[in-house]
Amino acid sequence: MDTTLPLYDDAGLSRVLCVAAHPDDLEYGASTAVARWTARGAKVSYLLLTAGEAGMRSRDPEEVAALRSAEQRRACDIVGVEDLVILDLPDGMLQADLDTRRLIARRIRQVRPDVVVTQPWELKVEWGLNHADHRAAGIAVVDAVRDADNPWVFRELLEQERLEPWGAKELIVVGAEPTHLVDVTGEPLEKGIASLQAHQEYLAELGGDFDVRGMLEGFTAELGASAGVDGITHALGVAVHPMG
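Just so we're clear, the structure is a prediction, and the values are computed from it rather than from any experiment.

Definitions and limits used
Residues numbered from 1 in each chain as written. Predicted model: local features only at pLDDT ≥ 70, side-chain atom pairs only at ≥ 80, totals over all residues. Heavy atoms only, no water. Core = buried A, V, L, I, M, F, W, Y, C linked by side-chain atoms within 4.5 Å. Buried < 20%, exposed > 50% of the residue type's maximum accessible area, 1.4 Å probe, protein only. Helix = DSSP H or I, 4+ residues; strand = E, 2+ residues; numbered from the N terminus. Contact = heavy atoms within 4.5 Å. Pairing = 2+ DSSP bridges. Axes fitted to C-alpha atoms, helices over the stretch in contact; angles between N-to-C directions. 1 Å grid on protein atoms, 1.4 Å probe; cavity = no way out; pocket = protein on both sides within 12 Å on 5 of 7 lines; lining within 4 Å. Points joined across faces, edges and corners; volume = space filled by probe spheres on them. Nonpolar A, V, L, I, M, F, W, Y, C, P; charged D, E, K, R; others polar.

Asker: Help me understand the nonpolar core in this model?
Answerer: Nonpolar side chains in soluble globular proteins generally cluster together in the buried interior. Among the nonpolar cores identified, the biggest contains 30 residues, and Val19, Leu49, Ile104, Ile108, Val116, Val145 and Leu171 are the most heavily contacted of them. The set of elements that each furnish at least two residues to this core consists of β1 (15–20), α3 (98–111), α4 (132–148) and β7 (170–174). Looking at this core, the element that brings in the most residues is α4, giving eight residues. Setting aside residues up to four positions removed in sequence, valine 116 forms contacts with Leu17, Val19, Ile108, Val141, Val145, Ala168, Glu170, Leu171 and Ile172. Counting 28 residues, the second largest nonpolar core, distinct from the first, contains Val16, Ala42, Val117 and Val174.

Asker: Just checking my understanding: could you explain the sheet that holds strand β3 (residues 83–86) for this structure?
Answerer: Working definition: the strands of a sheet are paired by backbone hydrogen bonds and lie parallel or antiparallel to each other. The seven strands are arranged β3-β2-β1-β4-β7-β9-β8 in an open sheet whose pairing can be described as mixed. The strands lining the two open edges of the sheet, one partner per strand, are β3 and β8 (180–183). For this sheet the average axis-to-axis angle between neighbouring strands, irrespective of direction, equals 25 degrees. Where β7 meets strand β9 (residues 235–242), five bridges bridge the pair, whose relative direction is antiparallel.

Asker: Would you mind going over the layout of surface pockets with me for this structure?
Answerer: Picture a little ball the size of a water molecule; that probe, rolled over the atoms, points out where space is still empty. If you add up the space inside the largest pocket, you get close to 1100 Å³. Lining the largest pocket are 38 residues, and of these Tyr28, Val125, Trp127, Val174 and Gly175 sit closest to its centre. Among the elements of the structure, β1, β4 (115–118), β5 (124–125), α8 (212–227) and β9 are those that each provide at least two residues to the lining of the largest pocket. Ranked by residues supplied to the lining of the largest pocket, first place goes to α8 with four residues. When its residues are assigned to classes, the lining of the largest pocket shows 19 nonpolar, ten polar and nine charged.

Right under this line is the structure:
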């Protein structure tokens, strides 16, 4: 890994849309950056493509959907996110198809974000083999960012719903090989930790002794040290893709 990654310039961010497959996906790092951005006055919106209803083997999916949605709402409150939309696409069977792209493009045109944040689409990621839904979500977001800016794709969004095309400036991927660092020292990290801990029942279902604080503090401390900047002790690595 490059140990001289530049800091991401987030000074001008006013609107951010974060898109992920499941409740809790954004809390494994992305929410630390979200906490930083909302504290600096940015409006951050979340779009979750599924309710994560297939994620708890011991409980019925309808019960799980409500439970995980409530846990996600609490996680959002901790990091200052008021705008949460959870779609009802099927957990475990998410597809990067035209319908999914249309739903994401619609939300991009509604929110009109400077930046869209999502999860990696690679099969192999740092922690192992990536989840099928994560891969589908990432690919669908890449395509939908372009779709949202093209008046001739999903023409009904403009002609019937009066949603003007919108071009996000950048796509940010959390969990991919990073190109930049986001300073999450102090309160952003603490709020990010608390936001993941808000998924209490889901984490308990996973079993084992999952150390939320140790995990988030560990990898952000390593990247923070690599920044070589006084006052930065913890950082989040992000892959930044300019969109034009």
